[in-house]
Number of protein chains: 2
Amino acid sequence: MTEQISELTTARLSIYLRCLEALEIAGVKTVSSLALAEQFHLNAAQIRKDLAYFGEFGIRGVGYYVKDLKRHLREILGVDRTIKAVILGAGNLGLALADYAGFRDDGFDIVALFDIVREKIGGYSKSGVPIRSLRDLGRVAEREHVEIAVNAVPAAAAQVVVDLATAAGIKAILNFSPSPIRVPRGVKLKNVDLTVSLESLSFYLAHGRMEGED
Amino acid sequence: MTEQISELTTARLSIYLRCLEALEIAGVKTVSSLALAEQFHLNAAQIRKDLAYFGEFGIRGVGYYVKDLKRHLREILGVDRTIKAVILGAGNLGLALADYAGFRDDGFDIVALFDIVREKIGGYSKSGVPIRSLRDLGRVAEREHVEIAVNAVPAAAAQVVVDLATAAGIKAILNFSPSPIRVPRGVKLKNVDLTVSLESLSFYLAHGRMEGED
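None of these values were measured; they are calculated from a predicted model. (Residues numbered from 1 in each chain as written. Chains lettered and ligands numbered in written order. Predicted model: local features only at pLDDT ≥ 70, side-chain atom pairs only at ≥ 80, totals over all residues. Heavy atoms only, no water.)

A few words on the relation of the copies chain B and chain A. At an RMSD of 0.0 Å, chain B and chain A line up after a rotation of 180 degrees and a shift of 0.0 Å along the axis. In the structure described here, the two chain copies are related by an operation that fits a two-fold rotation axis. When C-alpha distances to the rotation axis are compared across chain B, the minimum falls at N92 of chain B, with a value of 2.2 Å. Of the interface residues in chain B, 100% have counterparts in chain A that sit at the interface too, so the contact is made through matching surfaces. (Least-squares fit on C-alpha atoms with pLDDT ≥ 70 in both. Contact = heavy atoms within 4.5 Å.)

Written as structure tokens, this is what we have:
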């Protein structure tokens, strides 16, 4: 089943999950695909198609039960358990990511930041994530069963540091470095390109209104 | 034409542009949709469909001219000119974004960071972006014709600061704050949720291999 699922689909499921979390906080118990679409500027047919694919059908006249659908989406996305992650690089970006509330709220546990700058090692991010020496990465990754490494070191050092992470058995890399990174077979690499978001705004500025407001 | 274009399409066009930039640096002159798809783990049929929509057709036996297609995509995405942007908040995230090479390389000019902390005002990010008082936002935005504000202030202050930006005539907001933000009609809001990227990795960790490697 999962072999057919593209990253665009998982990205949509993530967005549905965010919306359901917002609805749950607002005390909403059930929601139709149409209401979900209208409220969050999504596509109702796409929602129904995506959810039907995972065997989740709305109930006629009711829609979806917010709590059940949320739990189901968390299972599908693999965030129904705590996933341990480390951040490579305790510069501005690494520190910002360590304190990014969304990660913690969503079941990700940021175990540590790693850096090579002596003055930083032994310190903490604002939210209390410890900064450790890069030399300890292997030991920490193994002992804590770290599954994800977030790469936030400058481009010049990125490959070396990611190699250390994959050598330590880390199986998934979220890469914020703009330079291309290679990973061994069996390791999943996800590149985050922040420029893409800015370009969707420049497109709007150049052409005016577009479909979808988020 | 542009009314039918979703943000998913512009995101794909951005990714094609990144790939073409990489090919140009590597000295590649022409590329087929198939080669583009294989090299960058994209979908060849989707590439042809997206580009045909914008009137860009490959040439049989040649494919696309890298330089021409790149220029055309930059026009479509509205980055064939310099777009001025400001960053709200000179914390770790704001400073990281100010120094993010991708923004500058892609024709975005980060005019200034804005903050309310006195010790920060008058300083600079590592790459030399000045940190100014939030009180100067309106004046700077008007004088410099700033079009985009990137919101990197904590959730509690986000709405107030974004209101200042839209009052200053800024027409597009890139929001990194996890809390929901409202903008007046006619202003484009793009929310960046970094958790979505992490969830695509947790999906992989839970289910194994998936289609598309990037």
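This part takes up the side chain of E199 of chain B. Here E199 of chain B shows up in helix α9 (residues 194–207). Assessed through its relative accessible area of 0%, E199 of chain B is described here as buried. Among residues more than four places away in sequence, those in contact with E199 of chain B are S14, L17, R18, L77, V79, D106 and F108 of chain A. (Helix = DSSP H or I, 4+ residues; strand = E, 2+ residues; numbered from the N terminus. Buried < 20%, exposed > 50% of the residue type's maximum accessible area, 1.4 Å probe, protein only.)

The sheet built from six strands is open, its strands ordered β5-β4-β3-β6-β7-β8 (chain A) with parallel pairing. Each edge of the open sheet is held by one strand with a lone partner, namely β5 (131–133) and β8 (188–191) of chain A. Here the average twist between neighbouring strands, direction ignored, is 25 degrees. As defined by bridge partners, strand β4 (residues 108–115) of chain A adjoins β5 of chain A across three bridges and the pair is classed as parallel. Residue pairing in the sheet places L113 of chain A in a bridge with I131 of chain A of β5 of chain A. Here helix α7 (residues 137–144) of chain A sits on the sheet in contact with β3 (83–88), β4 and β5 of chain A, set at roughly 165 degrees to β4 of chain A. Strands in contact with α9 of chain B are β3, β4, β6 (148–151), β7 (172–175) and β8 of chain A; relative to β7 of chain A, the strand with the most contacts, it is inclined by about 165 degrees. (Pairing = 2+ DSSP bridges. Axes fitted to C-alpha atoms, helices over the stretch in contact; angles between N-to-C directions.)

With 67 residues of chain B at the interface, the matching set in chain A holds 67 residues. Roughly 6,300 Å² of surface becomes buried between chain B and chain A when both sides are summed, with 63% attributable to carbon and sulfur atoms. Joining chain B to chain A, the criterion identifies four salt bridges. R18 of chain A is paired through a salt bridge with D193 of chain B; the nearest N and O atoms lie 3.6 Å apart. For the pair chain B and chain A, the interface holds 12 residue pairs in polar contact (both at pLDDT 80 or more). Of all the secondary-structure elements, those providing two or more residues to the side of chain B that touches chain A are α1 (7–25), α4 (66–76), α5 (92–98), α6 (101–105), β6 (148–151), β7 (172–175), β8 (188–191) and α9 of chain B. The dominant element in the side of chain B that touches chain A, judged by the number of residues it contributes, is α9 of chain B, at 14 residues. Taken together, the residues of the side of chain B that touches chain A sort by class into 34 nonpolar, 16 polar and 17 charged. (Buried area = accessible area lost by both parts, 1.4 Å probe. Salt bridge = Lys/Arg side-chain N within 4 Å of Asp/Glu carboxyl O. Polar contact = N/O pair within 3.5 Å; in protein donor to acceptor, adjacent residues only side chain to side chain. Nonpolar A, V, L, I, M, F, W, Y, C, P; charged D, E, K, R; others polar.)

So, about empty space enclosed by the protein. A full pass over the atoms with the stated rule returns one cavity of 30 Å³ or more. Roughly 30 Å³ of volume is contained in the largest cavity. Residue assignment for the lining of the largest cavity shows that the elements contributing at least two residues are α5 (92–98) of chain A together with α5 of chain B. Among the residues forming the lining of the largest cavity, the class breakdown is eight nonpolar, no polar and no charged. (1 Å grid on protein atoms, 1.4 Å probe; cavity = no way out; pocket = protein on both sides within 12 Å on 5 of 7 lines; lining within 4 Å. Points joined across faces, edges and corners; volume = space filled by probe spheres on them.)

Geometric descriptors of this kind do not, in isolation, establish any biological role.
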